[in-house]
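Analysis of the macromolecular model
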Amino acid sequence: EGSIPNCLSTLLFAASAVLLWKIGSAKAKAGDRTGRLWRGLSVVFALFTVDDGAAIHESFVNSLRDAFHAGGFLYFSWVIPALIILALLAPVLFRVWLSLPGPTRIVLALAALFLVGGALGMEMIEGRYVERWGHQTMTYSLLATLEETMEFIGQVLFLYGLLRIIRAEPEPAPVAASADT
């Protein structure tokens, strides 16, 4: 995967991790209990960064496929643990999402739709296709391009949503200089 689009995707995940940490720190400093959740999401996105850059999840596909006896939509079987993790995180993510202003919620919902729809949804469609017709076809190339495009749009929307959150945060009060100096 060592392509320029893959490098850009990895950088977008890293930027998201940094912004999530910044949001978490600001929320924690303001006494908001969601600060830890935002920082936790930052760690998740840092892991996405490493995985995206090193394509770690793809190295487990064959062993997971054998372990789960998976095929069809689950042919690229890394989606199985990803769907489980997403299901476990969804209630927490939903609670944080509900605490945001309406326009930001819309942006982040679209980001999730594109990112998850691309990364998991399209990967599942591609898995079914590859199992039947292989990956050396024009149709598969088009499906993979659609997947990557959806992920990219999702990542950009997610960054935009995070920047909206940061812009809405009140600026910290400047620290006054000590009279003794």
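Please read all numbers here as calculations on a predicted model, not as lab measurements. (Residues numbered from 1 in each chain as written. Predicted model: local features only at pLDDT ≥ 70, side-chain atom pairs only at ≥ 80, totals over all residues. Heavy atoms only, no water.)

Quick notes on the overall build of the protein chain
- Within the protein chain one finds six helices and zero strands.
- Seen through its C-alpha atoms, the protein chain measures out along the principal axes to roughly 75 × 30 × 30 Å.
- Taking the intrachain contacts of the protein chain between residues at least 6 apart in sequence as the baseline, contacts between residues at least 24 apart amount to 69%.
- Accessible surface, the protein chain: about 11100 Å² in total, of which carbon and sulfur atoms supply 70%.
- Side-chain charges in the protein chain split into 13 positive and 15 negative, and the spacing between the mean points of these groups amounts to 12 Å. (Helix = DSSP H or I, 4+ residues; strand = E, 2+ residues; numbered from the N terminus. Contact = heavy atoms within 4.5 Å. Areas by Shrake-Rupley, 256 points an atom, 1.4 Å probe, with all protein chains shown as cover. Lys, Arg positive; Asp, Glu negative; His and termini not counted. Charge placed at Lys NZ, Arg CZ, Asp CG, Glu CD.)

Focus: the packing of helix α4 (residues 79-98) against helix α5 (residues 102-133)
- Viewed as axis vectors pointing N to C, α4 and α5 meet at an angle of 175°, and their least axial separation amounts to 13 Å. What the angle tells us is that α4 and α5 run roughly antiparallel. Contact residues: α4 offers V79, A82, L83, L86, W97 and L98, while α5 offers R105, L108, A109, V116, L120, E123 and M124.
- Residues belonging to the contact of α4 with α5 are distributed by class as follows: 11 nonpolar, no polar and two charged. (Axes fitted to C-alpha atoms, helices over the stretch in contact; angles between N-to-C directions. Parallel < 35°, antiparallel > 145°, perpendicular 65-115°, else oblique. Nonpolar A, V, L, I, M, F, W, Y, C, P; charged D, E, K, R; others polar.)

A closer look at the confidence of the model for the protein chain
- On average, residues of the protein chain score 90 in pLDDT, and 92% of them are at 70 or above.
- Across the protein chain, element-level confidence peaks in α5 with a mean pLDDT of 96 and bottoms out in helix α3 (residues 61-68) with 86. (pLDDT = per-residue confidence, 0-100.)

Considering α3
- For α3, the full list of buried residues reads V61, L64 and R65. Angularly, the buried residues of α3 cover 105° about the axis, an arc narrow enough to put them on a single face. Those residues of α3 that are exposed and angled more than 90 degrees off the buried face are N62, D66 and A67.
- On its buried side, α3 packs onto α4.
- Once α3 finishes, H69 follows within two positions and takes phi at roughly 50°, a positive value. (Buried < 20%, exposed > 50% of the residue type's maximum accessible area, 1.4 Å probe, protein only. Arc of directions from axis to C-beta.)

Here we look at the layout of surface pockets
- Size it by volume and the largest pocket reaches roughly 1600 Å³.
- If you go around the largest pocket, you meet 48 residues; those closest to its centre are F48, L86, L115, V116 and A119.
- Of all the elements in the fold, those that place two or more residues in the lining of the largest pocket are α1 (4-29), α2 (35-54), α3, α4, α5 and α6 (138-168).
- With 10 residues, the top contributor of residues to the lining of the largest pocket is α4. (1 Å grid on protein atoms, 1.4 Å probe; cavity = no way out; pocket = protein on both sides within 12 Å on 5 of 7 lines; lining within 4 Å. Points joined across faces, edges and corners; volume = space filled by probe spheres on them.)

Let's talk about unusual backbone geometry
- One non-glycine residue, H69, lies in positive phi territory at about 50°.
- Assignment of secondary structure puts H69 in the loop between α3 and α4.
- Its relative accessible area of 73% is what places H69 among the exposed residues.

Overview of the nonpolar core
- Counting residues in hydrophobic clusters, the biggest one holds 19 residues, and the most contacted among them are L20, I23, W38, F45, F158, L162 and I165.
- Broken down by element, this core gets its largest block of residues, six residues, from α1.
- By size, the runner-up hydrophobic cluster in this structure holds 13 residues, among which are L120, M122, Y129 and M150. (Core = buried A, V, L, I, M, F, W, Y, C linked by side-chain atoms within 4.5 Å.)

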